[in-house]
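Structural characterization, general
Given next are the chains, with one letter for each unit.
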Amino acid sequence: MSDDVVELILNDHRKFEELMRGLRDSTSDRAGLRDELAQLLVAHGEAEEREVYPQLEKKASDDEDVEHSEEEHAEINKALLEFLEVKDLDGDDYDEKLEELAEVLNHHVNEEEQTLLNDAREEVPSEERAKLGAAFLVARDTLLKTNCGRIENVRLVVEKTKDRID
Ligand SMILES: [Fe+2]
Ligand SMILES: [Fe+2]
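Residues numbered from 1 in each chain as written. Chains lettered and ligands numbered in written order. Predicted model: local features only at pLDDT ≥ 70, side-chain atom pairs only at ≥ 80, totals over all residues. Heavy atoms only, no water.

Formed by 29 residues in total, the largest nonpolar core has its most connected members in Met 20, Leu 23, Leu 37, Leu 41, Leu 80 and Leu 101. The greatest single-element share of this core, amounting to seven residues, is contributed by helix 2 (residues 30–59). Apart from the residues within four sequence positions on either side, Leu 23 is in contact with Arg 30, Leu 33, Arg 34, Leu 37, Phe 83, Tyr 94 and Leu 98. Grouped together as the second largest cluster of nonpolar side chains are 17 residues, Leu 8, Tyr 53, Ala 120 and Ala 139 included. (Core = buried A, V, L, I, M, F, W, Y, C linked by side-chain atoms within 4.5 Å. Buried < 20%, exposed > 50% of the residue type's maximum accessible area, 1.4 Å probe, protein only. Helix = DSSP H or I, 4+ residues; strand = E, 2+ residues; numbered from the N terminus. Contact = heavy atoms within 4.5 Å.)

Turning next to the side chain of Arg 34. On the secondary structure map, Arg 34 appears in helix 2. In this structure, Arg 34 is buried with no salt-bridge partner, the nearest side chain bearing the opposite charge being Asp 35 at 7.8 Å. Discounting residues that sit within four places of it in the chain, Arg 34 has contacts with Leu 23, Phe 83, Leu 84, Val 86 and Leu 89. (Lys, Arg positive; Asp, Glu negative; His and termini not counted. Salt bridge = Lys/Arg side-chain N within 4 Å of Asp/Glu carboxyl O.)

On to the coordination of the iron ion (ligand 1). At the metal site, the iron ion (ligand 1) is ligated by His 13 (NE2), His 44 (NE2), Glu 48 (OE) and Glu 112 (OE), and these contacts range over 2.0 to 2.3 Å. Between the four donor atoms coordinating the iron ion (ligand 1), the angles at the centre fall across 76 to 155°, so the site counts as irregular. If you list the donors of the iron ion (ligand 1) from N- to C-terminus, the spacing comes out as H-x30-H-x3-E-x63-E. In this structure, the iron ion (ligand 1) lies 3.3 Å away from the iron ion (ligand 2), the two metals sharing Glu 48 as a donor. (Donors = N, O, S within 2.8 Å, 3.2 Å for Na, K, Ca; no water. Tetrahedral: all angles 85-135°; square planar, octahedral: opposite > 155°, others 65-115°.)

So, about the UniProt feature "domain: Hemerythrin-like" (unreviewed entry) in the chain. In the numbering used here, UniProt assigns the feature "domain: Hemerythrin-like" (unreviewed entry) to residues 5–117. With 86% helix and 0% strand, the stretch residues 5–117 has end C-alpha atoms that lie 9 Å from each other. (UniProt positions renumbered as here; feature names shortened; annotations may be inferred.)

Turning next to helix 7 (residues 151–160). Where helix 7 is concerned, the buried positions are Asn 153, Val 154, Val 157 and Val 158. Buried residues of helix 7 fall within an arc of 140° about the axis and therefore sit on the same side. Facing away from the buried side of helix 7 by more than 90 degrees, the exposed set consists of Leu 156 and Lys 160. Buried residues in helix 7 make contact with helix 2 and helix 3 (63–84). (Arc of directions from axis to C-beta.)

Under the defined criterion, the tally for this structure stands at 14 salt bridges. Linking Asp 4 and Arg 129 is a salt bridge whose minimum nitrogen-to-oxygen distance equals 3.0 Å. On the criterion of sequence distance, the pair formed by Asp 4 in the segment before helix 1 (5–24) and Arg 129 in helix 6 (residues 126–145) is long-range, its members being 125 residues apart. Note on Arg 129: relative accessible area 14%, which makes it buried. Here Glu 36 makes a salt bridge to Lys 15, at a shortest N to O gap of 3.5 Å. Of this pair, Glu 36 sits in helix 2 while Lys 15 sits in helix 1, and the two are 21 residues apart along the sequence.

Structure, rendered in structure tokens:
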């Protein structure tokens, strides 16, 4: 499997789309998919912020693009928390919160691929992208082991990053 940080991030973005599609399906295991999405979203975003964004900021990207992406992570986490707080997985509130999450998540994925990931493709040599990818994976997998998508932790993350979107 590739260690290229761009490929690894794109793999997760594809997985988000797959999970979101499952979450729209009324016959799927929505509780299970919602938990899986929460784990991966939190681990992916935090690992980007720890291991990828700072390096891109140094080597390839505008600080404004990085800061903007971090703001969008905060918006995603807030929308995720509201979605996790929904009790009735077949109700109108579920559809509404899922749609709100889809909106901020799709927007961010598009923008990240158009800005930061293109900067990485164009400016960062492949050996360095592989190093970044390895560090990204370690951070992401370590977070996944801590059950980082549980609602209590998502609440903490939202609290910690709320100033980004005030
Ligand atoms: Fe991403
Ligand atoms: Fe991101």
